[in-house]
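A closer look at the structure
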Amino acid sequence: MHDVEQLAVLASVLRTAVDAIIIIDQRGRIESVNLATERMFGFRSGEMLGQNVKMLMPSPYHEQHDGYLGRYQETGERHIIGIGREVTGQRKDGSLFPLHLAVSEVEAKERKLFCGILRDISDLKAVEAELKQLNATLDQRVQDQAAELQKAQSELVEKEKFATLGRISGGIAHEIRNPLNAIKTSAYYLLNAKTPSPAKTEEHLNRIDRQVSSINNAVTALSDLARLPDPQSRPLDVAEMLVAILRDCKLPRNIIVTQDVPADLPNVWADEKQLPIVFKNLIRNARDAMNEGGALKLSARLLESQVVVTVQDDGLGMSPEVVHRIAEPFFSTKARGMGLGMAITTAILEKNRCTMELESEPNQGTTFQISIPIAEQNQ
């Protein structure tokens, strides 16, 4: 390649390079800069050429730079040349920002020049700071959740639930281990990726946030189950409650809902926050059992001193083994979910002095009957 062609190629590289490229002489005076240098520091090339490169540095680098050059020429001792390091740059407006600087020595006829390549690492430092903060927050949340978990387990032991403790521990491990593995993978990427794109950085930070929330939800659900407060019972209108629940559940169009709830039913006696959770869980389970659509029937009748509410679907149904284990914490037939819905449902019913009967067969649907004390008997 001829000298003219080489110069043309070099000029093209300097013009299009993303990183800033600065060439200085032995005294530190700037002899050449590329366009990226202008964009990075906010100076025009004419403002930099002939000036000492320390104009682009804050204290104490500004005062020390000439000494580094002089010492290198006298002793050959290198601080940056051929090594590369993280430094701080100063823009024209006085703002500071982190840089990675790599310097090489260039022999030019009878004198030496130094070529510096600078990369703005502000985004990387911001990610590192955010990750450190996130790790600190995660450590604290894990500690808090571990304490909550220990307390919940202690309460389970106190209530003599030794038979299911092993299965509960396995469920907890499953619900926490998977998110932790995802967090570990994303943290490794963010700590080791040399130049992650902003999109990739945001993707992994969002993944970490989602997995932390997943862990928090699992422990919170278990704690809620173990520490379910005593009900604050009051008269409730069953028909109004069911209408509100159906509105919130937003069932798909391929599920046909019918209701048979007499208008003259007496109010029931239960906690207005706890009892709706029972029917939300039952209706959602019915929805999930009818992926291809089907019929959901809600009915209620007065039976002696109780109102019996029936939730019936014609979905997949359950085997006798599943029916037997349905209220067991962390037992679930669904691909997603923690398996606490029916455990919480059972606990709420017990605290509100309600009972539940269940009939189900594979491919024949499921029927729940919930018996709730009427208000007149409790006032």
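In this report, the structure presented in the accompanying data block is examined. (Residues numbered from 1 in each chain as written. Predicted model: local features only at pLDDT ≥ 70, side-chain atom pairs only at ≥ 80, totals over all residues. Heavy atoms only, no water.)

Focus on the overall build of the protein chain
What the protein chain contains, in helices and strands, is 11 helices and 12 strands. Relative to its 379 residues, the protein chain shows a buried fraction of 38%. Look at the contacts in the protein chain between residues 6 or more apart in sequence, and 61% of them connect residues 24 or more apart. Just so you have it, the protein chain exposes about 22200 Å², and 50% of that area is on carbon and sulfur atoms. (Helix = DSSP H or I, 4+ residues; strand = E, 2+ residues; numbered from the N terminus. Buried < 20%, exposed > 50% of the residue type's maximum accessible area, 1.4 Å probe, protein only. Contact = heavy atoms within 4.5 Å. Areas by Shrake-Rupley, 256 points an atom, 1.4 Å probe, with all protein chains shown as cover.)

Side note on the environment of Lys125
In this structure, Lys125 sits in helix α5 (residues 122–158). Expressed as a C-alpha distance, the spacing of Lys125 and Phe97, which sit 28 residues apart in the sequence, is 9.7 Å. The contact partners of Lys125, leaving out residues within four places of it in the chain, are Glu86 and Pro98.

Structural notes on the pattern of salt bridges
The full count for this structure, using the stated rule, is 14 salt bridges. The partner of Glu47 in a salt bridge is Arg44, with the nearest N and O atoms 4.0 Å apart. Its salt-bridge partner being Asp288, residue Arg287 comes within 3.2 Å of it at the nearest N-O pair. Taking relative accessible area as the criterion, Arg287 reaches 26% and is therefore assigned partly exposed. By sharing partners, the salt bridges in this structure join Arg44, Glu47 and Lys92 into a single network. (Salt bridge = Lys/Arg side-chain N within 4 Å of Asp/Glu carboxyl O.)

What about unusual backbone geometry?
In this model, Glu304 sits at a positive phi of 55°, which is unusual for a non-glycine residue. In this model, Asn363 sits at a positive phi of 65°, which is unusual for a non-glycine residue. Overall, the relative accessible area of 61% leaves Asn363 in the exposed class.

Describing the packing of aromatic side chains
This model, assessed by the stated rule, comprises 1 aromatic pair. Cation over ring: Arg91 sits above Phe97, and NZ or CZ is 4.0 Å from the ring centre. (Phe/Tyr/Trp six-rings, centres within 6.5 Å; stacked < 30°, edge-to-face > 60°. Lys NZ or Arg CZ within 6 Å of the ring centre and 35° of its normal.)

Some words on the sheet that holds strand β10 (residues 306–313)
One open sheet holds the 5 strands; their spatial order is β7-β9-β10-β12-β11, and the pairing between them is mixed. Each edge of the sheet is formed by a strand with only one pairing partner; in this case those strands are β7 (255–260) and β11 (355–361). Going across the sheet, the axis of each strand differs from the next one's by a mean of 10°, ignoring polarity. As defined by bridge partners, β7 adjoins strand β9 (residues 294–303) across 6 bridges and the pair is classed as parallel. (Pairing = 2+ DSSP bridges. Axes fitted to C-alpha atoms, helices over the stretch in contact; angles between N-to-C directions.)

Some remarks on the pairing of strand β2 (residues 30–33)
Where strand β1 (residues 20–24) lies against β2, 3 bridges are found, and the strand directions are antiparallel. Bridge assignment links Ile22 to a residue of β2, and that residue is Val33.

Notes on the sheet that holds strand β5 (residues 111–120)
The pairing of strands in a sheet comes from backbone hydrogen bonds and takes either a parallel or an antiparallel form. With respect to topology, 5 strands assemble into an open sheet ordered β2-β1-β5-β4-β3, the strand pairing being antiparallel. The open sheet has two free edges, formed respectively by β2 and β3 (85–90), since each of these has just one partner strand. If you compare each strand with its neighbour and ignore which way they point, the axes differ by 35° on average.

What to know about the environment of Glu361
Relative to the helices and strands, Glu361 is located in strand β11. Separated by 46 residues in the primary sequence, Glu361 and Gly315 have C-alpha atoms spaced 9.7 Å apart. Look past the residues within four positions of Glu361 in its chain and what remains in contact with it is Leu316, Gly317 and Met318.

Some remarks on the pairing of β10
When you tally the buried positions in β10, you get 6 out of 8 residues, the bulk of the element. Bridge analysis of β9 against β10 gives 8 bridges, and the strand direction is antiparallel. Counted as the bridge partner of Arg301 is Val308 from β10. The turn joining β9 and β10, which pair antiparallel and follow one another in sequence, is formed by 2 residues; a positive phi near 55° is taken by Glu304. In terms of strand pairing, β10 meets strand β12 (residues 365–373) through 8 bridges, oriented antiparallel. Its bridge partner lying in β12, Gln312 is registered against Thr367.

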